Amino acid sequence: MMTVAQLNSIRDRVRKELLIREPHNRLVVGVGTVGIAAGAREIMAAAMEVVNTLGLDMVVVGEDLSVPAEQMPVVRFIGADGEEITFTSVTASKIREIVKDLADKVGTAENA
Amino acid sequence: MGLIRSHVLVCAGTGCVSSGCKMMQEAMQQALERHGLSSEIKVVETGCFGFCKEGPIVMVYPEGTFYCQVKPEDVEELVSEHLLKGRIVERLLYKEPVSERAISLFNDIGFYQKQQRVALRNCGKINPESIEEYIARDGYQALAKAVTQMTPTQVIEMVSESGLRGRGGGGFPAGRKWEFARVAQGDIKYVVCNADEGDPGAFMDRSILEGDPHSVVEAMAIAGYAIGAKQGYVYVRAEYPIAVERLSIAIKQARELGLLGKNIFGSGFDFDLGIRLGAGAFVCGEETALLTSIEGHRGTPRPRPPYPAVKGLWGKPTLINNVETFANIPVIILHGPAKFKSIGTDTSPGTKVFALAGNINNTGLVEVPMGTTLREIVYDIGGGIPGGKAFKACQTGGPSGGCLPAELLDTPVDYDSLTAAGSMMGSGGLIVMDEDNCMVDVARFFLEFTQDESCGKCVPCREGTKRMLEILERITNGEGVAGDIELLEELAEVISRTSLCGLGQTAPNPVLATLKFFRDEYEAHIYEKRCPAGVCQALLSYAIVAEKCKGCGLCKKVCPVDAISGDLRQPHTIDKDKCIKCGACVAKCPFKAISR
Ligand SMILES: Cc1cc2nc3c(=O)[nH]c(=O)nc-3n(C[C@H](O)[C@H](O)[C@H](O)COP(=O)(O)O)c2cc1C
């Protein structure tokens, strides 16, 4: 027999996975050819890891952002309310800090 | 990477399966592996997005990019460009027919803008074979609420209050039917879902079962609780193998989690479901014939009353509702009747799903609030008539329905307005016809269908539809005589009044409706031996208009029976004895010089 509490716990767990299909906050990593050469894939992996560990209501998206090559790798935060913040010359360690700093702003997936 | 960052949803409804989505999906999986992306990108099969004409459809999240007609050979580019480098592949986006503008988000496409998805809320959004994804979108919450917080009467009051009417064609208030079944005396009761979907061209119910089977499972359990039934059956035609498979999976998963079976949510309520396959006879969609078929007999109707709610399956009180009716139930229970009633019109609340077909640019499945006009459906959602042709009529209600002409395009689509206009809602088939359709021939087509599907149990339907069909065949063959129209009307009246079931009672409708709005076409066939739309072959006589003919010879080349002769740059002629009236010359002539 399933209880209502068990039903709710499945709902909450899977709802987090499905946030990808209805995202609120997005962290866009510039993954064009130049971005990838500058290490964008590693940055993406690091960002996803922190988002996952902190359980944030934020999805990580790859997009070919057009910025001057010397600013690569680039990451852009786009909030649910449309707010945009761009970070340039990002490194894997910097992105961990950036995501942690955004945590308050985006909240957790639990409360999404 | 190990963590999933993107979901690629591939439509696996019947429409996209037949346009090759499986091969494309395999190619996608291989390409993801080649690029080392298979651990971070998940490919998910979903139900129908509705835009079947543009299939196979692929939706990439989190971007929400909507790709159309994706073939296996497109997949490499999609993976290496979009999924790896984040560049949208323009050429695979939907292009607006007029402006040629490429659109990447599906909500921006005209086809979707006026739609509102209630019954189809999860179709194309979730993996129909995953009960967890259904649960994540509040699935089974309505059942939990009903059995743990509400009495059966409260559940029925909510359904009544919502004003939900049966989506299977009749439009009977669902709450009233549930109440009849609840108060009916009987130790054993049943809940039955009508998924026979016999209207030619209709596929609303199939799409719900394929795209969101749990919504029907959940609703039937709620219905069981409300009327006091422990067992339900879904009667679905065997020609819907994907729907049957997904529904079987859904039932199995629900049983495994205890959402079907004994003591659901600890409430003491037991409920289980079975599937019964039909062989696809139209009459088996009629409720009493359907129940007879489930009992293992040949599917023929029986007189009502007694209605199934009183004496149904194996003589026990039985609630029977259509798939789409059920699909609305969890939403009503969970969000309340007021929210449901805020959509649609006063007498027809909610939405209706239509299968859009015929001479229209965007064929597919659409769900609109009741009260949306035919014009909005045909032009804003359907994208209008292809080839610059003129709109002639809109057929609703399938073989039991009628055709509405251009003057009535502003009719709101709801039960009462369509009936008042001279057609009916039916189960949701909507066929658009352009100027090249002969309305007598359309009536003949539908009557041929009902005559063929008549079960033969009662005389008016068995003999009457046959006689009507003979008359229509005579008229379209150029052998109509004075008095035929009146005879059709007289037969129609008797057949509707005296047939045993809805099949016969409504069979004359296509004839009556076309007579109402297109009587002049019948008269042209009978008295002038002329088919104004140029469809009825026996009435056509092909001839070349000498003044228009430039003698290019194209018609001569294309004629399969060498019936056309003439010298180059001289007007040609058609030998009427040889002509087989195939129309190939008309299609080929660049100068519109051939009359018929
Ligand atoms: C000839 C005929 C065919 C029918 N076919 C269907 C059908 O395929 N699906 C359906 O739901 N109802 C069909 N109906 C209507 C059913 O008899 C019945 O009214 C319906 O299943 C009730 O469900 P609802 O109140 O939810 O609409 C048909 C009726 C007739 C007379």
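How each quantity is defined
Residues numbered from 1 in each chain as written. Chains lettered and ligands numbered in written order. Predicted model: local features only at pLDDT ≥ 70, side-chain atom pairs only at ≥ 80, totals over all residues. Heavy atoms only, no water. Domains from an automatic or database assignment. Contact = heavy atoms within 4.5 Å. Buried area = accessible area lost by both parts, 1.4 Å probe. Buried < 20%, exposed > 50% of the residue type's maximum accessible area, 1.4 Å probe, protein only. Helix = DSSP H or I, 4+ residues; strand = E, 2+ residues; numbered from the N terminus. Pairing = 2+ DSSP bridges. Salt bridge = Lys/Arg side-chain N within 4 Å of Asp/Glu carboxyl O. Lys, Arg positive; Asp, Glu negative; His and termini not counted. Axes fitted to C-alpha atoms, helices over the stretch in contact; angles between N-to-C directions.

**Observations concerning the domain arrangement of chain B**
Residue and element names in this part refer to chain B.
- Looking at chain B, the domain boundaries give domain 1 (6-112), domain 2 (131-341), domain 3 (351-434), domain 4 (439-527) and domain 5 (541-595).
- Taking the mean C-alpha position of each, domain 3 and domain 4 sit 22 Å from one another.
- The interface of domain 3 with domain 4 comprises 17 residues on the first partner and 15 residues on the second.
- Summed over both partners, the interface of domain 3 with domain 4 comes to about 1,100 Å²; 72% of that surface belongs to carbon and sulfur atoms.
- On the domain 3 side of the contact with domain 4, Lys392, Pro399 and Cys403 bury the most area, a combined 44% of that side's loss.

**Examining the pairing of strand β2 (residues 58-63) of chain A**
All names here are of chain A.
- In terms of burial, β2 is largely enclosed, as five of its six residues are buried.
- The pairing of strand β1 (residues 25-30) with β2 spans six bridges and is classified as parallel. Bridge pairing in β2 places Val29 opposite Gly62.

**Examining the interface of chain B and chain A**
- Listed by partner, the interface residues are 38 residues for chain B and 33 residues for chain A.
- Taken over both partners, the interface formed by chain B and chain A buries close to 3,000 Å², and the fraction arising from carbon and sulfur atoms is 61%.
- In this structure, the connection of chain B to chain A is made through seven salt bridges.
- Among the salt bridges present, the one from Glu40 of chain B reaches Arg41 of chain A, with a minimum N-O distance of 2.9 Å.

**Some thoughts on the side chain of Asp205 of chain B**
Residues and elements named next belong to chain B.
- In this fold, Asp205 is placed in helix α9 (residues 204-211).
- Although Asp205 lies buried, it forms no salt bridge, and the closest oppositely charged side chain, Lys352, sits 6.3 Å away as judged by the N-O distance.
- Aside from chain neighbours lying at most four places away, what touches Asp205 is Asn194, Glu197, Asn322, Val323 and Glu324.

**Digging into the sheet that holds strand β12 (residues 364-369) of chain B**
All names here are of chain B.
- Strand order in the open sheet formed by five strands is β12-β11-β15-β13-β14, with mixed pairing between adjacent strands. In this open sheet, the two edge strands, each paired with only one partner strand, are β12 and β14 (402-405). Adjacent strand axes in the sheet meet at a mean angle of 30° when their direction is disregarded.
- Direction of pairing for strand β11 (residues 351-358) relative to strand β15 (residues 429-434): parallel, over a ladder of four bridges. In the sheet register, Ala357 faces β15, and the bridge partner there is Ile431.

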